[in-house]
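Survey of secondary and tertiary structure
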Amino acid sequence: METKGKKPELLAPAGDMERLRMAVLYGADAVYLAGTDFGMRAFAGNFSPEDLRSAVDFAHAHGVRVHCTVNTMPRNDEADRLPPHLELLEDAGVDAVILADLGAFQLAGRYAPHVQRHVSTQAGVTNYLAAQAWHDLGASRVILARELSLEEIRTIREKTAPSLELEAFVHGAMCVSYSGRCLLSNYMTGRDSSRGACAQPCRYHYALMEEKRPGEFFPIEEDGQGSYIMNSRDMCMVDHLEDLLFLDSLKIEGRAKSAYYAAIVTGAYRHGLDAAAVGLPLDPVWREEVERVSHRPYSTGFFYGQPGQYYEHSRYIREWQVAAVVTDCDGAGNAALSLRNKFRAGDALEVVGPGLRPFSITAPEMTDGDGLPLFEPRTPRMVFHMKLPRPVPPWSVVRRAVSLSPRQADETEENAL
């Protein structure tokens, strides 16, 4: 299969405007987001009609496409809201809509005729017959089920029309259920995973309680670590991008993750994909970047066979914390920054930004908004000034290594930036 010189689209998550801005500036070719209806991440922030138009304008101004998810399975009482929602996406200039429900798919062709239709991973496309059938119905792209091996994906590519685009997830959280279609959350918590509100009960640490001894918990142990019978690792394919160049789009999971995650992971894959497309190895510095975001232990998913059950824990690994974000910087490195987490002069820091290779600094003494000396900025979002050893672009991130407890790491995951 000829892949020389081919470079797939890099598709990054955008849960809100800040995350979209970071994904765009750090190298995404396209972003995917949701309006306030029919998206599979109910707690991602998402975009009002006004915000959606602003998002499309910003992305298009930077040459980046916008894909909008309409991939829940609508109920009867929601069906009447679909046509006006699709018309809104058409009017806003969205480039593609991501769909799983056949009825919604057909309505999109009628009410958003200038918007491409992509078939969501929620549709569970696992073979070339289904992929081609969706294409025959009008889909320009299918987003493949995450349970497929690389060889199965190659077969789908060989046995479907070249005009059908194939997209696959390459990074982010994996779901224990088949293509994300799970009833466990709905059954246990009333939060429907198929409607964007999954509580992730597959990550819980379970114990046994005998009915005559309420409140007394007994361990269920697979090994000395306890029992995590449905737990899964995160996917990471940044080391294997050369194997994926025949695909049309590589997708990063994480609309509910932080803006920092969107920036750093997008940047790492941007550099990795550019290198793979010209036959160069991945620079280790970009491989290290995916370790500097909050994540669970990594695997290569199903690409090279069954990933195997992960028996240890479901906690996030989070060893880096955003200290500040650069809002402006002149040619001499005099930077204005917005505080995210406390740090002080003398701390060891790293700086990374759009197109900027990470570098280390020791925090100098700073000044506040009035130009007064500042040893330790403390007020969240306060603007302060710091001299950097070189100029950096706006939206660069200043971060520091931290030692968080597993509970702290979980509690702060969604608010890293």
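Not measured: the values here are computed from a predicted model. (Residues numbered from 1 in each chain as written. Predicted model: local features only at pLDDT ≥ 70, side-chain atom pairs only at ≥ 80, totals over all residues. Heavy atoms only, no water.)

**Considerations on the overall build of the chain**
Heads up, the condition is: Strands here are runs of E lasting at least two residues and helices are runs of H or I lasting at least four, both read from the DSSP assignment and numbered beginning at the N terminus. Think of it in three bands: residues with accessible area under 20% of the maximum for their type are buried, residues over 50% are exposed, and the middle band is partly exposed, with areas taken using a 1.4 Å probe on protein chains only. Note on areas: Shrake-Rupley, 1.4 Å probe, and residue coverage restricted to the protein chains presented here.
Looking only at helices and strands, one finds 10 helices and 20 strands in the chain. Counting over 417 residues, the chain shows a buried share of 53%. Accessible surface computed for the chain: about 18400 Å², of which carbon and sulfur atoms make up 50%.

**Let's talk about the environment of Gly369**
Tracing the backbone shows Gly369 in the loop between strand E17 (366-367) and strand E18 (373-374). As for Gly369 and Val383, which are separated by 14 residues in sequence, their C-alpha atoms are 6.2 Å apart.

**Section: the side chain of Ser396**
Threshold: Whenever a nitrogen or oxygen atom comes within 3.5 Å of another N or O atom, the pair is scored as a polar contact, on the condition that within protein one atom can donate a hydrogen and the other can accept it, and that pairs from neighbouring residues in sequence are kept only if both atoms are in side chains. When checking whether two residues touch, look at their non-hydrogen atoms; a contact exists if any pair is within 4.5 Å.
As for its placement among the helices and strands, Ser396 is situated in the loop between strand E19 (383-387) and strand E20 (397-401). Here Pro393 takes part through its backbone oxygen, which lies 2.7 Å from a polar atom of the side chain of Ser396. Apart from residues lying up to four places away in sequence, Ser396 is in contact with Tyr26, Ala324, Val325, Val326, Val352, Gly353, Pro354 and Leu356.

**Notes on the pairing of strand E16 (residues 356-362)**
What counts is decided by this rule: When DSSP finds at least two bridges between two strands, those strands are taken to pair.
Here strand E15 (residues 348-353) runs beside E16; their pairing, made up of 5 bridges, is antiparallel. Looking at the pairing, Val351 lines up with Phe359 of E16.

**Examining unusual backbone geometry**
Positive phi, normally seen in glycine, also occurs at Arg381, with a value near 70 degrees. Of note, Arg381 is situated in the loop between E18 and E19. By relative accessible area, which is 48% here, Arg381 ends up partly exposed. In this structure, Trp395 takes a positive phi of about 75 degrees despite not being glycine. What makes Trp395 partly exposed here is its relative accessible area of 24%.

**Some remarks on the nonpolar core**
Put simply, the test is: Buried residues of nine kinds, namely Ala, Val, Leu, Ile, Met, Phe, Trp, Tyr and Cys, make up a nonpolar core once their side-chain atoms join them within 4.5 Å.
Counting residues in hydrophobic clusters, the biggest one holds 88 residues, and the most contacted among them are Leu20, Val31, Leu33, Leu244 and Tyr269. Element by element, the count of residues in this core is highest for helix H8 (residues 259-277), at 10 residues. Other than its neighbours up to four places away in sequence, Val31 contacts Leu11, Ala12, Ala14, Leu20, Ala23, Val24, Val64, Arg65, Val66 and His67. Counting residues in each nonpolar core, the second largest holds 23 residues, with Val326, Ala335, Phe359 and Met382 among its members.

**So, the packing of helix H2 (residues 49-61) against helix H3 (residues 82-92)**
The criterion, for reference: A fitted line through C-alpha atoms serves as each axis, taken over the contacting stretch for helices, and the angle formed by two N-to-C directions is quoted from 0 to 180°. When the near helix sits turned anticlockwise from the far one by under a right angle, the crossing is termed left-handed; a clockwise turn instead gives a right-handed crossing. Residue type decides the class: Asp, Glu, Lys and Arg count as charged, Ala, Val, Leu, Ile, Met, Phe, Trp, Tyr, Cys and Pro as nonpolar, and the leftover types, Gly among them, as polar.
Closest axis-to-axis distance for the H2/H3 pair is 9 Å, and the angle between their directions is 35 degrees. Where H2 crosses over H3, the handedness of that crossing is right-handed. Packed against H2, whose contacting residues are Pro49, Leu52, Arg53 and Val56, the element H3 presents Leu88, Leu89, Asp91 and Ala92 at the interface. Of the residues contributing to the contact of H2 with H3, the split by class is 6 nonpolar, no polar and 2 charged.

**Focus: the side chain of His85**
Along the chain, His85 falls in helix H3. Here His85 is in contact with Gly35, Asp37, Phe38 and Val70, once residues within four sequence places are set aside.

**A short note on the pattern of salt bridges**
Rules: Take a side-chain nitrogen of Lys or Arg and a carboxyl oxygen of Asp or Glu: if they are within 4 Å of each other, that pair is a salt bridge.
Counted under the stated rule, the structure contains 25 salt bridges. Across the salt bridge formed by Glu167 and Lys251, the nearest N and O atoms sit 3.4 Å from each other. Placement of the pair is Glu167 in strand E7 (residues 165-172) and Lys251 in strand E11 (residues 249-252), with a sequence separation of 84 residues. Of the two residues, Glu167 and Lys251, neither departs from the other in class, the shared state being buried.

**Digging into the pairing of E20**
Across 5 bridges, the pairing between strand E13 (residues 320-329) and E20 is antiparallel. Within the sheet, the bridge partner assigned to Ala324 lies in E20 and is Val398. Both E15 and E20 contribute to a ladder of 3 bridges, which runs antiparallel. The residue bridging Glu350 from the neighbouring strand is Arg399, located in E20.

**Here's the deal with helix H6 (residues 150-158)**
The cut-off we apply is this: Working note: the arc is built from the helix axis to C-beta atom directions.
Residues of H6 that are buried include every one of Leu150, Ile153, Ile156 and Arg157, and no others. The arc enclosing the buried residues of H6, seen along the axis, measures out at 115 degrees, which places them on a common side. Within H6, the exposed residues directed more than 90 degrees away from the buried face are Glu151 and Glu158. If you follow the buried residues of H6, they end up packed against helix H5 (128-137) and E7.

**Points about the packing of helix H1 (residues 17-25) against H2**
Quick note on the threshold: Each angle is binned into one of four classes, with values under 35 degrees roughly parallel, values over 145 roughly antiparallel, values of 65 to 115 roughly perpendicular, and all other values oblique.
It is at 10 Å that the axes of H1 and H2 come closest, and there the two elements cross at 10 degrees. Judged by the angle between their axes, H1 and H2 are roughly parallel. Contact residues: Met17, Leu20, Arg21, Val24 and Leu25 in H1; Ser54, Ala55, Phe58 and Ala59 in H2. Here the contact of H1 with H2 is built from residues that sort into 7 nonpolar, 1 polar and 1 charged.

**Some words on the environment of Lys387**
Its place among the elements puts Lys387 in strand E19. Among the residues examined, Lys387 registers a relative accessible area of 44% and is labelled partly exposed. Separated by 58 residues in the primary sequence, Lys387 and Cys329 have C-alpha atoms spaced 9.1 Å apart. If we skip the residues at most four places from it in the chain, Lys387 touches Ala332, Gly333, Asn334 and Pro364. Polar side-chain contacts of Lys387 include one of 2.7 Å to the backbone oxygen of Ala332.

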